[in-house]
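# Results of the structural survey
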Amino acid sequence: MRSYRLYENVDPESNISGEDFDLVSQVNESMVLDRIFQVVRKDIVKKGVGNCRSIAFIHEHEQGLRVKNYYDMVIIMKNLLNNAIQADAGEIRVLTEVKNGELIITVSDDGRGISPEHKPYIFTPRFSTKTRKQDDASGLGLYNVRKAIINSKGRFEMESHPGQGTTCIVRFPLKEVLADCTCTVSASGR
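## Description of the packing of aromatic side chains
Tallying each qualifying case throughout the model produces 2 aromatic pairs. For the pair Y121 and F127, a centre-to-centre distance of 5.7 Å together with 40° between the ring planes defines the contact as tilted. Residue classification places Y121 among the partly exposed positions, given a relative accessible area of 44%. Centroid distance F123 to F156: 5.1 Å. Interplanar angle 80°. Geometry classified as edge-to-face. Here F123 is found in the loop between strand 6 (102-109) and helix 3 (141-151), whereas its partner F156 is found in strand 7 (residues 155-161), with 33 residues between them in sequence.

## A word on unusual backbone geometry
Its identity as a non-glycine residue notwithstanding, N69 has a phi of 45°, on the positive side. Tracing the backbone shows N69 in the loop between strand 4 (66-67) and helix 2 (70-86). Given the relative accessible area of 34%, N69 is considered partly exposed. Residue K153 is not a glycine yet carries a positive backbone phi of 55°. Relative to the elements of secondary structure, K153 occurs in the loop between helix 3 and strand 7. Residue class for K153 comes out exposed when judged on its relative accessible area of 56%.

## Focus: the pattern of salt bridges
Summed over all chains, the structure comprises 6 salt bridges. For K99, the salt bridge is made with E97, and the minimal N-O distance between the two is 3.7 Å. Given the relative accessible area of 41%, K99 is considered partly exposed. The residue E157 makes a salt bridge to R171 at a minimum N-O spacing of 2.8 Å. Highlighted residues: E157 in strand 7 and R171 in strand 8 (residues 165-173), separated in sequence by 14 residues. If you follow the salt bridges from partner to partner, you end up with E102, R155, E157 and R171 in one network.

About the cut-offs
- Residues numbered from 1 in each chain as written.
- Predicted model: local features only at pLDDT ≥ 70, side-chain atom pairs only at ≥ 80, totals over all residues.
- Heavy atoms only, no water.
- Phe/Tyr/Trp six-rings, centres within 6.5 Å; stacked < 30°, edge-to-face > 60°.
- Buried < 20%, exposed > 50% of the residue type's maximum accessible area, 1.4 Å probe, protein only.
- Helix = DSSP H or I, 4+ residues; strand = E, 2+ residues; numbered from the N terminus.
- Salt bridge = Lys/Arg side-chain N within 4 Å of Asp/Glu carboxyl O.

Structural data, given as structure tokens:
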């Protein structure tokens, strides 16, 4: 298992290539999972990291897992990470693992959490607990996450408590997300 500290004291003026963001034209192509995280990281750095001190990606799978229709995965990761940052998370952990025929992505943060009265509405278009001007809130982030998860026949679980942070778990059947489902996958390695 390898842990990546994606940023600490990031220079927002870092050189980010425009080709990393030209994703729409390649919607039906596949991409290695680790590369998806690099693209998401660069986008978050470009926008600024808010109050977040660090994001750690922890991979428990073999190197080189190729995800088909990777644009959905980018949408999921960008929105879950942006929500964590906007919730004043100091630390965010992303765990990816392959287990029991599923690709499992867990995003945990130590931010504000979600109040019980808001949980039923998190996937409702235009619902947001933030003002529209604050953090570029549109109320479409989790709505788009839900659509992307459904596209790959995935499932979403969330546990959140006010003041204690949020954990989101996304589960995908391997045959729906991996471009080459004949690969051998183990829980050790990367």
